[in-house]
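# Fold and contact review
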Amino acid sequence: MAMPLPKVRYVPLSQERRRHQRVKVNLLGRYMLSDRREFPCQVINMSPGGMALIAPVVGEPGERVIAYVDHLGRLEGKIARIIDNGFAMTIAATLRKRDKLAAQLTWLANRNILNLPEDRRHGRFVPRNPMARLILPNGNNVACRVIDLSQSGAAIAISPDLCPPVGAAVTIGKAPGRVVRHIDDGFAIEFTRLQHPDFIEENVTGD
């Protein structure tokens with residue numbers, strides 16, 4: 001017998017503010033309005049129940065929005081109110097999803113307080129099989145060598161003519177991320193989501 005799906009609840013922003021502490025963040029992403037138009041955005045603060053975005057195009061209060069935010073993935077909700085240069089939206093999520101968001105926001109807040117990049121806060125290691133497949137911003141799938149890995153990122157060795165620019169979205173194995181800096185023989189990736197320590201190599205190199 002099929003189990004019923006968990007109910008997703010929209011929480012009014014005023015109620016959400018009382019229930020959850022907001023965290024200042026600086027996260028890039030994209031959002032889609034109800035007419036399916038997509039635009040880039042920057043999330044400037046959020047809690048497990050809502051977030052504020054700097055956005056080039058603003059919808060109407062009550063309009064459904066789907067956002068894809070670095071580190072946090074897909075978030076769905078409704079526009080709650082218009083703010084300067086953007087809008088605030090609720091986040092529709094199950095209690096389990098809200099708990100996960102709260103943990104992710106705590107991690108992001110601690111990272112900002114300590115002023116340390118993710119790949120310095122998680123132990124690096126050299127994968128057993130360093131060879132992996134990399135999807136470049138233009139969609140090309142190329143071979144590369146993983147210099148080292150952590151839960152939050154990887155260092156990649158690749159031919160200089162294939163090295164994507166800083167900020168470019170790439171996928172190494174099954175792990176999406178962004179280029180955060182160039183190194184002597186390649187570049188460093190920051191993963192969109194923190195990788196589980198038991199599955200990093202499987203997701204990145206398939207080993």
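Residues numbered from 1 in each chain as written. Predicted model: local features only at pLDDT ≥ 70, side-chain atom pairs only at ≥ 80, totals over all residues. Heavy atoms only, no water.

## A short note on the nonpolar core
Inside soluble globular proteins, nonpolar side chains tend to come together where they are buried. Of all hydrophobic cores here, the largest spans 27 residues; its most connected members are Y31, M46 and M51. Where this core is concerned, the elements lending two or more residues are β1 (23–32), β2 (38–47), β3 (50–54), β4 (64–69), β5 (73–83), β6 (86–90) and α2 (95–114). Sort the elements by how many residues they give to this core and α2 lands first, with five residues. Membership of the second largest hydrophobic core comes to 20 residues, among which are V146, I156, A168 and V204. (Core = buried A, V, L, I, M, F, W, Y, C linked by side-chain atoms within 4.5 Å. Buried < 20%, exposed > 50% of the residue type's maximum accessible area, 1.4 Å probe, protein only. Helix = DSSP H or I, 4+ residues; strand = E, 2+ residues; numbered from the N terminus.)

## A look at the pattern of salt bridges
Taken as a whole and judged by the stated rule, the model has seven salt bridges. Between E38 and R30 there is a salt bridge, and its shortest N-O distance comes to 3.4 Å. Judged by relative accessible area, which is 37%, R30 ranks as partly exposed. Note that D35 and R37 form a salt bridge whose closest N and O atoms lie 2.6 Å from each other. Given a relative accessible area of 43%, D35 falls into the partly exposed group. Classification of R37 as partly exposed rests on a relative accessible area of 42%. Here the salt bridges share partners, and the residues they tie into one network are R64, R74 and E76. (Salt bridge = Lys/Arg side-chain N within 4 Å of Asp/Glu carboxyl O.)

## Observations regarding the sheet that holds strand β12 (residues 186–191)
Ordered by their spatial adjacency, six strands build a closed barrel running β7-β8-β9-β12-β11-β10, and the pairing between neighbours is antiparallel. Strand-to-strand twist of the sheet, defined as the mean angle between neighbouring strand axes without regard to direction, takes the value 45°. Sheet topology note: the strand β9 (residues 153–157)/β12 ladder contains five bridges and is antiparallel. By the bridge assignment for β12, I156 is matched with F187. (Pairing = 2+ DSSP bridges. Axes fitted to C-alpha atoms, helices over the stretch in contact; angles between N-to-C directions.)

## A look at unusual backbone geometry
The backbone of R36 sits at a positive phi, close to 75°, despite the residue not being glycine. By the secondary structure assignment, R36 is in the loop between β1 and β2. For N85, which is not a glycine, the phi torsion comes out positive at approximately 65°. Among the secondary structure elements, N85 is positioned in the loop between β5 and β6.

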